[in-house]
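Summary of structural features
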Amino acid sequence: MTAMIPVFSSPGQARPWQRELAGAVRCPAQLLRMLGLPQDLLPAARRAHRRFPLRVPHSFIRRMRRGDARDPLLLQVLPHQDELEAVAGFVADPVGDHAAERLPGLLHKYHGRVLLVTTGACAVHCRYCFRQHFPYGEANPRFDQWQASLDYIRADASIREVILSGGDPLSLRDDKLAELVAQLETIGHLRILRLHTRLPVVLPSRVDEALLGWLAGTRLRPVVVVHINHPAELDSELERALGRLRDAGVTLLNQSVLLRGINDDAEVLIRLSERLFEAGVMPYYLHALDRVAGSARFEVESRRARDLLVCLRNRLPGYLVPRLVREQAGAASKLPLEGKGD
Ligand SMILES: *Cc1c(COP(=O)(O)O)cnc(C)c1O
Ligand code: SF4
């Protein structure tokens, strides 16, 4: 089905989400001003911003509480002086992505699925992002250079699922994405198309007719894994966007990162699971922080993480308890963080 072509805008004509994306706040002083926060937070934010710049769309800022420097959404995006300190054990590539890179932009770590790094661009810069030091320039083939990846997938019949990731795959234009998906569809053994994206969360206007057109139109089964860490991220605008994805036949899952000072609280995690379910999204993974340089202030001790999970199990139906996992370089899957201590 290619009936979505008429809704693609011509190159000069940005769609609403593209304008909002271009208007994202990139200046620490402006963010603090918008939230009515004291400018004494500024010098440290500016220093960390020079290493990994601030980036946050207005839609996400509107969900933050004014005047609250501890707001859980703000803490995910505001540069912090601790990012500049080296901490033992926190490194540039904590999950071994380089070793799993079979071709530029293609990661084949786990049986049956490959992950394509479609772009380095992201609509938001999360301070704990494990790809913040990733050399995206190299792992970022232009869209007309996917041939090698397609050949790789075509040659391995064990691959059932392709995951579009990044950066954020939905920061790309829909005509480019539809073109890639059309090529993937020609590979007979592929069954599932998965997107790992935070764009619908931080910019719900991204879920528009053009996106729904190619997602609903593909013969591949579409799965969208969004990334929501705190129930305050789920406002009515986002719920509507998620509803439209669901109505288009998309299976919706959520992954969160367990973050100190943001969601390392049983009540917060319980509310998150409940709110996700109300929005038609199943909790999937709760990730232990990848120990990427600059992110040490977010780490939650393994023992505390397990205790939190026990609280969740005791309070929620099993289907609303996310799997607590840790990424480990060289492992055959993400590893459950249960049982023995470390
Ligand atoms: C996380 C990840 C996947 C997907 O793993 P699932 O357990 O299927 O969600 C696939 N490839 C890579 C490289 C990953 O990091
Ligand atoms: S949305 Fe994901 S890829 Fe983008 S900065 Fe946040 S954690 Fe990293």
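Residues numbered from 1 in each chain as written. Chains lettered and ligands numbered in written order. Predicted model: local features only at pLDDT ≥ 70, side-chain atom pairs only at ≥ 80, totals over all residues. Heavy atoms only, no water.

What to know about the packing of aromatic side chains
Under the defined criterion, the tally for this structure stands at three aromatic pairs. An angle of 85 degrees between the planes, with centres 5.9 Å apart, marks the rings of Tyr128 and Phe298 as edge-to-face. In this pair, Tyr128 is assigned in the loop between strand S3 (113-117) and helix H6 (147-154) and Phe298 in the loop between strand S8 (282-287) and helix H12 (302-315), connecting sequence segments 170 residues apart. Residue Tyr128 is classed as buried on the basis of its relative accessible area of 5%. Measuring from centroid to centroid gives 4.0 Å for Tyr284 and Tyr285, while their planes differ by 25 degrees, and the two rings are stacked. Taken individually, Tyr284 and Tyr285 each receive the classification buried, so the pair is uniform in this respect. Positioned above the aromatic ring of Trp17 is the side chain of Arg206, whose terminal nitrogen or guanidinium carbon lies 3.9 Å from the ring centre. (Phe/Tyr/Trp six-rings, centres within 6.5 Å; stacked < 30°, edge-to-face > 60°. Helix = DSSP H or I, 4+ residues; strand = E, 2+ residues; numbered from the N terminus. Buried < 20%, exposed > 50% of the residue type's maximum accessible area, 1.4 Å probe, protein only. Lys NZ or Arg CZ within 6 Å of the ring centre and 35° of its normal.)

Quick look at the site of ligand 1
Close to ligand 1 lie Leu107, Lys109, Tyr110, Arg113, Leu115, Ile163, Arg194, Tyr284, Tyr285, Glu327 and Lys334, which account for all nearby residues. Measuring from an oxygen atom of ligand 1, one finds a side-chain N or O atom of Arg113 at 2.7 Å. One of the side-chain nitrogen or oxygen atoms of Arg194 is found 2.8 Å away from an oxygen atom of ligand 1. Taking 390 Å² as the accessible area of ligand 1 by itself, protein coverage stands at 93%. The cavity where ligand 1 resides is the largest pocket. Taken together, the elements giving at least two residues each to the shell around ligand 1 come down to strand S2 (106-110), S3 and S8. It is S2 that provides the largest number of residues to the shell around ligand 1, a total of three residues. (Near = heavy atom within 4 Å. Polar contact = N/O pair within 3.5 Å; in protein donor to acceptor, adjacent residues only side chain to side chain. Areas by Shrake-Rupley, 256 points an atom, 1.4 Å probe, with all protein chains shown as cover. 1 Å grid on protein atoms, 1.4 Å probe; cavity = no way out; pocket = protein on both sides within 12 Å on 5 of 7 lines; lining within 4 Å. Sits in = over half its atoms within 2 Å of the grid points.)

Focus: the pattern of salt bridges
Applying the stated criterion to the full structure yields 20 salt bridges. Salt bridges here are not isolated pairs; linked through shared partners, they connect Arg15, Asp174, Arg206 and Asp208. (Salt bridge = Lys/Arg side-chain N within 4 Å of Asp/Glu carboxyl O.)

Some points on the site of ligand 2
Every residue close to ligand 2 is listed here: Cys122, Val124, His125, Cys126, Cys129, Gly167, Arg198 and His227. Among the cavities detected, the one that contains ligand 2 is the largest pocket. Class assignment of the residues belonging to the shell around ligand 2 gives a composition of four nonpolar, three polar and one charged. (Nonpolar A, V, L, I, M, F, W, Y, C, P; charged D, E, K, R; others polar.)

Quick word on empty space enclosed by the protein
For the structure shown, the criterion picks out two cavities of 30 Å³ or more. Roughly 70 Å³ of internal volume is contained in the largest cavity. As for the largest cavity, its lining consists of 13 residues, and the residues nearest its centre are Ser256, Leu272, Ser273, Pro283 and Pro322. Elements represented by at least two residues in the lining of the largest cavity include exactly strand S7 (251-257), helix H11 (266-278) and S8. Of the residues assigned to the lining of the largest cavity, the class counts are nine nonpolar, four polar and no charged. Looking at the second largest cavity, its volume works out to about 60 Å³. What lines the second largest cavity is simply Leu258, Ala288, Leu289, Glu299, Val300, Glu301, Ser302, Ala305, Arg326 and Leu337. (Points joined across faces, edges and corners; volume = space filled by probe spheres on them.)

Details of the sheet that holds strand S9 (residues 323-326)
Ordered by their spatial adjacency, 10 strands build an open sheet running S1-S2-S3-S4-S5-S6-S7-S8-S9-S10, and the pairing between neighbours is mixed. Both outer strands of the open sheet, strand S1 (101-103) and strand S10 (335-336), are each paired with one neighbouring strand and no more. (Pairing = 2+ DSSP bridges.)

Some remarks on the environment of Glu239
Assignment of secondary structure puts Glu239 in helix H10 (residues 236-247). Taking the C-alpha atoms as reference points, Glu239 and Asp307, 68 residues apart in sequence, are found 30 Å from one another. With sequence-adjacent residues up to four places away left out, Glu239 is seen in contact with Leu234, Arg275, Glu278 and Ala279. (Contact = heavy atoms within 4.5 Å.)

Notes on the pairing of strand S5 (residues 192-196)
Of all five residues in S5, four are buried; the element is thus mostly enclosed. Note on the crossover from strand S4 (residues 161-165) through helix H7 (residues 174-185) to S5: the handedness is right-handed. Note: S5 against strand S6 (residues 221-227), five bridges, orientation parallel. When the bridges of S6 are listed, His196 appears paired with Val225. (Right-handed = clockwise from strand over helix to strand, strands pointing away.)

In short, the description is geometric, and any link to function would need to be established separately.
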